Amino acid sequence: MPLTLYDTWSRALRAFKPIRANHVGLYCCGPTVYDHAHIGNLRTYVFEDVLRRVLTLNGYIVRHVVNITDVGHLVSDADEGEDKMEKGSRRTGESAWAIAERYTSAFMDDWRALNLLEPAVWCRATDHIAEQIDFIDGLERNGYTYTTTDGVYFDTSRQDDYGYLARLDAAGLHAGKRIALGEKRHATDFALWKFSPPGATRQMEWDSPWGRGFPGWHIECSAMSAKYLGPWFDIHCGGEDHIAVHHSNEIAQTQARHRTRLANFWMHGHFLTLDTGKMSKSGGDFVRLRTLSERGIDPLAYRYLCLSAHYRSSLRFNDAALNAAQAALERLRRTYAQWPEGGTPDANCMARFKAEVDLDLNLPRALAVLWDVVRSELPAATRRATVDRLDAVLGLGLADWRDDTATIPAEVALLAQERVKAREARRWSEADRLRDALRAAGWHVEDSLSGQVLRPLDKPR
Ligand code: AMP
Ligand code: ZN
């Protein structure tokens, strides 16, 4: 059975075939760094990481590219309102550049804590302004743009199949929606370049042939994916919210400039939802990975939870599900740790596992195969060798796990918990005092963005 993936473009499962033999170009829309990533965002990156690992399992050499949106993401999809970076800057009093730096680095901490593989390329929008200007220039030369008093826009009416990915009825949208268009000619038109307000200086602005300003949100992905993967590559991913606007606009731009629909496969992860509804960066219900760590949940237990649901179904997040995931991971780790090395993987189990992941990443069923191996009558060394292979796809880091908690004495654990509480309540001097007390007891405490980590002083990381 060949690797089969669900392609949003064709709304069907398709056998995967690379454009260039043995190689896969994979582009994943990355974070907007005006705030922390929430665990919903992270669910999408876990799905993409597993996809990459499955491609590798199938023998492909994957070139994985992830962008960092550090400019140009407007508050509304209608190209109105402020750039989110500048808004974040007003909220915190820091510069937009400092905010981008801080949240990018926090994002990288989450990335590592979830055992996500490093992409071949991380690309920041602000490092690719020239490429974006060049791309817009090409669109202008091909006749797809118009200029208003506040920016340069893409004219979506020039494409008959605009919005096909989302099965958008652009004509119906134009006729049926009574929304204020401003100077935009059609509801679906979008900004390629926005001008700095007259007389004002923005923190992030650049000169362009059209005037000083900053790029619209969508152009960075068309420009940077073309640079790093070419204008026609294998797989483009993101969360399901990107289908209607962001990815439809990326496709429109690339079609207008390079005559391709950008990627051969379009794959979208469904949302993580809360019992109270949707999790969003702008909404109030915002759970970070660090929030979980501080409640004693291992980031990899969250990864396990993500694996337990198919990426094309929404995942309802709640404490019971999370605790069950943590308990399962814990059991898995402790069992695995007792198995000796030196075995050979069981071919039959490997084949069963591969059949599940090859069918559009059926991770819940792949996890069931993993538990079958754990509970099987196979020799322990065989089970270990097999699980090692499966974990190369699951990414639970079983071989790297060390049982540190068992050796933390109760009084040290108590001090550590007091310190978490002190920090939550912003009682900094008390937190420092507790850090010293922990040090005196022989323990080093480190504050990573995914939580507090305790390590014996004599044991380096
Ligand atoms: P953003 O930083 O808002 O651009 O989002 C980063 C990634 O997270 C994108 O691929 C989004 O589609 C995805 N995303 C946003 N919200 C959720 C959610 N609640 N569940 C899963 N993925 C999400
Ligand atoms: Zn994108």
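Just so it is clear, the model here is predicted, and its values are computed rather than measured.

Rules used in this analysis
Residues numbered from 1 in each chain as written. Chains lettered and ligands numbered in written order. Predicted model: local features only at pLDDT ≥ 70, side-chain atom pairs only at ≥ 80, totals over all residues. Heavy atoms only, no water. Helix = DSSP H or I, 4+ residues; strand = E, 2+ residues; numbered from the N terminus. Rg over C-alpha atoms; globule rule 2.2 N^0.38 Å. Contact = heavy atoms within 4.5 Å. Areas by Shrake-Rupley, 256 points an atom, 1.4 Å probe, with all protein chains shown as cover. Lys, Arg positive; Asp, Glu negative; His and termini not counted. Charge placed at Lys NZ, Arg CZ, Asp CG, Glu CD. Donors = N, O, S within 2.8 Å, 3.2 Å for Na, K, Ca; no water. Tetrahedral: all angles 85-135°; square planar, octahedral: opposite > 155°, others 65-115°. Buried < 20%, exposed > 50% of the residue type's maximum accessible area, 1.4 Å probe, protein only. Pairing = 2+ DSSP bridges. Near = heavy atom within 4 Å. Polar contact = N/O pair within 3.5 Å; in protein donor to acceptor, adjacent residues only side chain to side chain. Salt bridge = Lys/Arg side-chain N within 4 Å of Asp/Glu carboxyl O. Axes fitted to C-alpha atoms, helices over the stretch in contact; angles between N-to-C directions.

A. Structural context of the overall build of the protein. Along the backbone of the protein there are 15 helices and 16 strands. In terms of overall size, the protein behaves like a compact globule, its C-alpha atoms giving a radius of gyration of 24 Å where 461 residues would be expected to give roughly 23 Å. Here the C-alpha coordinates of the protein stretch approximately 65 × 60 × 35 Å along the principal axes. Residue pairs in contact within the protein that sit at least 24 positions apart in sequence constitute 75% of those at least 6 positions apart. Carbon and sulfur atoms provide 51% of the accessible area of the protein, an area that totals close to 20100 Å². Each charge class in the protein can be summarised by its mean position, and for the 59 positive and 62 negative side chains these summaries are 2 Å apart.

B. A look at the coordination of the zinc ion (ligand 2). Coordination of the zinc ion (ligand 2) by the protein comes from Cys29 (SG), Cys221 (SG), His246 (NE2) and Glu250 (OE), over a distance range of 2.0 to 2.3 Å. In this structure, the zinc ion (ligand 2) is coordinated by 4 donor atoms arranged in irregular fashion, with angles at the metal of 76 to 130°. Positions of the donor residues of the zinc ion (ligand 2), expressed as sequence spacing, correspond to C-x191-C-x24-H-x3-E. Taken together, the positions of Cys29 in the loop between strand 3 (23-28) and helix 1 (39-57) and Cys221 in helix 6 (residues 219-229) put the pair 192 residues apart, joining distant regions of the chain.

C. Inspection of the pairing of strand 1 (residues 4-7) at higher detail. Of the two faces of strand 1, the one holding Thr4 and Tyr6 and the one holding Leu5 and Asp7 are both buried throughout. One ladder, built from 4 bridges, connects strand 1 with strand 2 (residues 12-15); its direction is antiparallel. Residue pairing across strands places Asp7 opposite Ala12, the latter belonging to strand 2. Linkage of strand 1 to strand 2, two consecutive antiparallel strands, is achieved through a turn of 4 residues, within which Arg11 is found at a positive phi near 55°.

D. Structural context of the site of ligand 1. Around ligand 1 lies a shell of 17 residues, among which Thr32, Gly40, Thr44, Asp241 and Leu272 are the nearest. Contact distances for ligand 1 include 3.1 Å between an oxygen atom and a side-chain N or O atom of Asn41. One nitrogen or oxygen atom from the main chain of Leu272 is found 2.9 Å from a nitrogen atom belonging to ligand 1. Within the residue set of the shell around ligand 1, elements represented by two or more residues are helix 1 and strand 10 (233-239). In terms of residue count, helix 1 provides more of the shell around ligand 1 than any other element does, 4 residues in total.

E. Quick look at the pattern of salt bridges. This model, assessed by the stated rule, comprises 27 salt bridges. The residue Arg141 makes a salt bridge to Asp137 at a minimum N-O spacing of 3.3 Å. One end of the pair, Arg141, and the other, Asp137, are both in helix 4 (residues 129-141), 4 residues apart, so they sit about a helical turn from each other. Judged by its relative accessible area of 24%, Asp137 falls in the partly exposed class. Taken together, the shared-partner salt bridges connect Asp298, Glu330, Arg333 and Arg334 into one network.

F. Main features of the environment of His64. Looking at the secondary structure, you find His64 in strand 4 (residues 61-68). Put simply, His64 and Asp109 are 45 residues apart on the chain and 19 Å apart in space, counted from C-alpha to C-alpha. Apart from residues no more than four positions distant in its own chain, His64 is found in contact with Leu26, Cys28, Arg52, Trp111, Pro119, Ala120 and Val121. Looking at His64, its side chain comes within polar contact range of the side chain of Arg52, at 3.1 Å.

G. Examining the environment of Ala328 more closely. Within the fold, Ala328 resides in helix 10 (residues 319-337). Residue classification places Ala328 among the buried positions, given a relative accessible area of 9%. Each C-alpha atom, one on Ala328 and one on Leu305, is 9.5 Å from the other, the two residues being 23 residues apart in sequence. Beyond its immediate stretch of four places on either side in the chain, Ala328 contacts Tyr304 and Trp371.

H. Quick look at the sheet that holds strand 8 (residues 190-195). Strand order in the open sheet formed by 4 strands is 6-7-8-9, with antiparallel pairing between adjacent strands. The sheet is open, and its two borders are formed by strand 6 (145-147) and strand 9 (213-215), each paired with just one other strand. The sheet shows a mean angle of 20° between the axes of neighbouring strands, taken without regard to direction. With 4 bridges joining them, strand 7 (residues 151-154) and strand 8 adopt antiparallel strand pairing. Across the sheet, Tyr153 pairs through a bridge with Ala191, a residue of strand 8.

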